[in-house]
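Next come the chains, spelled out residue by residue.
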Amino acid sequence: MRNPDCRPYLFGAALAMMADNIEHVITYWVLWQKFHSPALAGFEVISHWVPFLLFSVYFGGLADRFDCRRVIQAAQALFMLVSALWGVLLLTGGLQIWHACVLLVLHGLAGSLWGPGEQLMLHDFVGDAELPSAVRLNATFRSLGVLFGPVIGSALLLGLGPTAGIFVNIAFYLPLTIFLFRTRFTGHTRDGGIVKHERVGLLDSLRVLRTIRADKTLVSMIILGGLGSFFVGASMQSAMPIFAQDLGAGSAGTAYGILLFANGAGGVLGGLLLEATGWIPPTVGSAVASTLVYGLSTLFFAMSGNYLIALSLLVIGGVASLAAMSVGQTVVQLLAPPADRGRVIGVYGVSASGLRFGSGITVGLFGAVVGVHWSLGLSAAALCVCTLLAAIPALRHARQRARSSP
């Protein structure tokens, strides 16, 4: 936080993440009210995360080769364009399902383009020594965006209506975009300076998979990140109108916003506790334990019929999710070869973010058949089982690495 470049970036990223979540709150509510389609709720998750699955390594290659400031600005411009198009469709009353599908995919592309460049900028701001703190604080500030996004989104939804609210949302992307014109860091200054503007191909970017497969610890972190994403991922946010209604809170309004707020509050609380106490070190064991707690809290949330208990479980899940994510991102960045850091982060993004499309199937589409409570509960149970199975080789490799290290 003392770093004059990292500090404004963190605040700008928090505002941009808040805008991301405001758009979700408004558009998910509009789509549910207009179409009442659990299948569309599942597609909301799939379309948002499939771009991470398909393009994270490629976008990581772009971050390796180009000025990360411009890469992130391009992503922010795409976010703003999507919000503006939502606003136009709501204003004219011409919104159709295919319009929504296209805009949801474009929104996902913007997020996947932003991810690798963001992590390279953090490393460039602070270096190896303070990277764990920077990653943890960045995750905390992004959780602040998740925390306040539902609050501001609900306020805009109720106070201005969805059309005016989505237009106002565009302004929250601007601070980060403007700051990136002012900072001298490019994402590469600490690793050698000049960025080589070479052509980046999809196949060239994928060569990093051969590079990292020999590092068992790195592979373990990627697998653990993917488990939570595939089985639960972001499905609860898109399905929250259904849970709010079933818990007696209605599908919009204050009680709906508080449910979304609780999950973000857990992330912020977890980030502040970890930063202040250092209780959870960046290790494979920490990632295993955090992922397991996340799965258990989600399982009990799916089973709960009490509003207050559901809120408490969402807070616990938010703490565990932030811990698992920040540990994974830190270890991956520290172990990645500098020349391929963006691509390695992209591989982690494929697993930890891209596989979230799976939760649109395991929770969203499967929920259309058996009900969202059952689909989320079964998915969370599968996450717990797979985490325990993955923990055995992951912890063994971690112990072997520790013994072989000087």
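The paragraphs below set out a description of the structure included in this document.

## Some thoughts on helix α7 (residues 174-182)
- Every buried residue of α7 is listed here: Leu176, Thr177, Phe179 and Leu180. Summarising the axial view, the buried residues of α7 lie within an arc of 165 degrees, below the 170-degree limit, and thus occupy one face. Exposed and oriented more than 90 degrees from the buried face of α7 are Phe181 and Arg182.
- Buried residues belonging to α7 abut α1 (6-35), α3 (68-92) and α4 (97-126).

## Structural notes on a nonpolar patch on the surface
- Taken together, the side chains of Phe366, Val369, Val370, Trp374 and Leu378 present a nonpolar region at the surface, about 520 Å² in accessible area.
- Mapped by element, the contributors of at least two residues to the nonpolar patch are α16 (357-370) and α17 (372-404).
- Ranked by residues supplied to the nonpolar patch, first place goes to α16 with three residues.
- Residue Trp374 is classed as exposed on the basis of its relative accessible area of 61%.

## Overview of the nonpolar core
- Among the nonpolar cores identified, the biggest contains 48 residues, and Met240, Phe301 and Leu376 are the most heavily contacted of them.
- Elements represented by at least two residues in this core include exactly α1, α10 (216-231), α11 (235-246), α12 (254-277), α13 (284-303), α14 (307-335), α15 (341-352) and α17.
- The dominant element in this core, judged by the number of residues it contributes, is α14, at eight residues.
- Ala19, Ala75, Leu137 and Tyr173 belong to the second largest nonpolar core, which has 35 residues in total.

Basis of the calculations
- Throughout, a residue's number is its position along its own chain's written sequence, starting from 1.
- Totals for whole chains, interfaces and linings use all residues, but because this is a predicted model, local features are given only for residues with pLDDT of at least 70 and pairs of side-chain atoms are given and counted only at 80 or more.
- Working from all heavy atoms in the structure, the side-chain values ignore hydrogens and water.
- Partly exposed describes any residue whose relative accessible area lies between the buried limit of under 20% and the exposed limit of over 50%, with all areas from a 1.4 Å probe on protein chains only and scaled to the type maximum.
- Helical segments are the DSSP runs of H or I of at least four residues, strand segments are the runs of E of at least two, and each set is numbered from the N terminus.
- The reported arc concerns the directions from the helix axis to the C-beta atoms and nothing else.
- Whether two residues are in contact is decided by their heavy atoms: any pair within 4.5 Å suffices.
- Surface patches are drawn from residues lacking salt bridges whose relative accessible area is over 30%; two like charges belong together within 9 Å, two nonpolar side chains (Val, Leu, Ile, Met, Phe, Trp, Tyr) within 5 Å.
- Each accessible area is a Shrake-Rupley result for a 1.4 Å probe, and residues are judged covered by the shown protein chains and nothing else.
- Any Lys or Arg side-chain nitrogen located within 4 Å of an Asp or Glu carboxyl oxygen qualifies as a salt bridge.
- By convention a nonpolar core is built from buried Ala, Val, Leu, Ile, Met, Phe, Trp, Tyr and Cys residues, the set being connected through side-chain atoms within 4.5 Å.

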